[in-house]
Amino acid sequence: ANPEFMNQPQIGFKLDGEEVFAFEGETILQAAKRHGKEIPHLCYSDNLRPDGNCRACVVEIEGERVLAPSCCRKPSEGMNIKAESERAVRSQKLVLELLKSDMPKQSQSPYTLKSELDFWAEKMDVGTPRFKGRSQPQADLSHPAISVNLDACIQCTRCLRACREEQMNDVIGYANRGSHSEIVFDIADPMGASSCVACGECVQACPTGALMPAGNVGLQEADKTVDSTCPYCGVGCLIKYH
Ligand code: FES
């Protein structure tokens, strides 16, 4: 369990028929994981603030009409939650299928990346998406350390949160609305012209390979070893991220 919650009071609830508990402050997803049950998730990452934007983690809560994102929702005493009901699983799979339909096609050789999205789609038996993907932007190879392939971006904002909240850099932003929404660098600059310091945090956070070490745009297995260019910031720690 996350040590942050360990000394907190326990809240008992039911998860897929099993009596479990959450420490106060824990979300349904975190408590489920601690009890050995993995709920699909993409925009959630252990060390980032939950954002609840992908909806891959939805669960059914008895008495509520709308499915709830388990990464943001905290259980209350006596709740009856179903992560594996037919309705919850159908929604989880539909989200994964829609996101997968927008990915660069595996058949378009040599795209062979195994991403977190691929992992969950396989685990949930999603199969070949039935939907036509959107037309997507060209890769941005302007940065010396990081390749940008927004073709594979699911707009989960993990990169944005990692850049802003982990590194306090605030280079990555979210622009436009609806189907025009997109990840941007500074004010929609090519990444190489932005104020990015190449710390590599966004590459680590990305669940699909939209951000990769330079030279890896959709070409390789997800080896995310990236030489941090921290000397730029003057500290010179030369971290290698894995
Ligand atoms: Fe919960 Fe994305 S993981 S909404």
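Anyway, here's the lowdown on the structure attached to this text.

Rules and cut-offs
- Residues numbered from 1 in each chain as written.
- Predicted model: local features only at pLDDT ≥ 70, side-chain atom pairs only at ≥ 80, totals over all residues.
- Heavy atoms only, no water.
- Helix = DSSP H or I, 4+ residues; strand = E, 2+ residues; numbered from the N terminus.
- Polar contact = N/O pair within 3.5 Å; in protein donor to acceptor, adjacent residues only side chain to side chain.
- Contact = heavy atoms within 4.5 Å.
- Phe/Tyr/Trp six-rings, centres within 6.5 Å; stacked < 30°, edge-to-face > 60°.
- Buried < 20%, exposed > 50% of the residue type's maximum accessible area, 1.4 Å probe, protein only.
- Lys NZ or Arg CZ within 6 Å of the ring centre and 35° of its normal.
- Pairing = 2+ DSSP bridges.
- Axes fitted to C-alpha atoms, helices over the stretch in contact; angles between N-to-C directions.
- Salt bridge = Lys/Arg side-chain N within 4 Å of Asp/Glu carboxyl O.
- Arc of directions from axis to C-beta.
- Parallel < 35°, antiparallel > 145°, perpendicular 65-115°, else oblique.
- Left-handed = near helix turned anticlockwise from the far one by under 90°.

This next bit is on the side chain of His-143. Among the structural elements, His-143 can be located in the loop between helix 3 (116-123) and strand 6 (146-148). Within polar-contact distance, the side chain of His-143 engages the backbone nitrogen of Ala-145 at 2.9 Å. When residues no more than four places from it in sequence are discounted, the contact partners of His-143 are Met-191, Gly-192, Cys-196, Ala-198 and Ala-214.

Attention now moves to the side chain of Asn-80. As for its placement among the helices and strands, Asn-80 is situated in strand 5 (residues 80-82). Once residues lying within four places of it in the same chain are set aside, the contact partners of Asn-80 are Lys-14, Glu-60, Ile-61 and Glu-62.

All right, on to the packing of aromatic side chains then. Inspection of every chain in the model, using the stated rule, returns 2 aromatic pairs. Seen in terms of ring centroids, Phe-21 and Phe-23 are 5.3 Å apart; in terms of plane orientation they differ by 85 degrees. Their pairing is edge-to-face. Judged by relative accessible area, which is 9%, Phe-23 ranks as buried. Between the aromatic rings of Phe-119 and Trp-120, the centroid separation amounts to 5.0 Å while the plane-to-plane angle is 75 degrees, which identifies the pairing as edge-to-face. The ring of Phe-21 is capped by Arg-34, whose NZ or CZ atom sits 4.6 Å from the centre of that ring.

Now for the sheet that holds strand 4 (residues 68-69). Read from one edge to the other, the open sheet built from 5 strands follows the order 2-1-5-3-4, with strand pairing classed as mixed. Both outer strands of the open sheet, strand 2 (18-23) and strand 4, are each paired with one neighbouring strand and no more. Bridge count for strand 3 (residues 58-61) against strand 5 is 2 bridges, and the pairing is antiparallel. From the neighbouring strand, Ile-61 faces strand 5, where its bridge partner is Ile-81. Together, strand 3 and strand 5 form the strand contacts of helix 2 (residues 86-101), whose direction differs from that of strand 3 by roughly 160 degrees.

Time to look at the pattern of salt bridges. One pass over the full model with this rule turns up 12 salt bridges. Taking the shortest distance from any N to any O, the salt bridge between Glu-84 and Lys-37 comes out at 3.2 Å. With Glu-84 in the loop between strand 5 and helix 2 and Lys-37 in the loop between helix 1 (28-34) and strand 3, this pair connects stretches of sequence that are 47 residues apart. Residue classification places Glu-84 among the exposed residues on the basis of a relative accessible area of 53%.

On to helix 3. What sets the pattern is the α-helix's 3.6 residues per turn: residues three or four places apart point alike. By the burial criterion, the buried members of helix 3 are Leu-117, Asp-118, Trp-120 and Ala-121. Axial view of helix 3: buried residues confined to an arc of 170 degrees, hence all on one face. Across helix 3 from its buried face, at more than 90 degrees, point the exposed residues Glu-122 and Lys-123. For helix 3, the secondary structure elements touched by its buried residues are helix 2. The positive-phi residue at the C-terminal boundary of helix 3 is Asp-125, with phi of around 60 degrees.

Moving on: the pairing of strand 3. In the case of a regular strand, side chains alternate between the two sheet surfaces. For strand 3 and strand 4, the ladder comprises 2 bridges, and the chain directions are antiparallel. Looking at the pairing, Val-59 lines up with Ala-68 of strand 4. Joining the antiparallel neighbours strand 3 and strand 4 is a turn of 6 residues, in which Gly-63 adopts a positive phi near 90 degrees.

A separate point is the packing of helix 2 against helix 3. Their axes nearest at 10 Å, the elements helix 2 and helix 3 cross at an angle of 135 degrees. It follows that helix 2 is oblique to helix 3 by the angle criterion. Of the two possible hands of crossing, helix 2 and helix 3 adopt the one that is left-handed. Contacts between helix 2 and helix 3 involve Leu-96, Leu-99 and Lys-100 on the former and, on the latter, Leu-117, Asp-118, Trp-120 and Ala-121.

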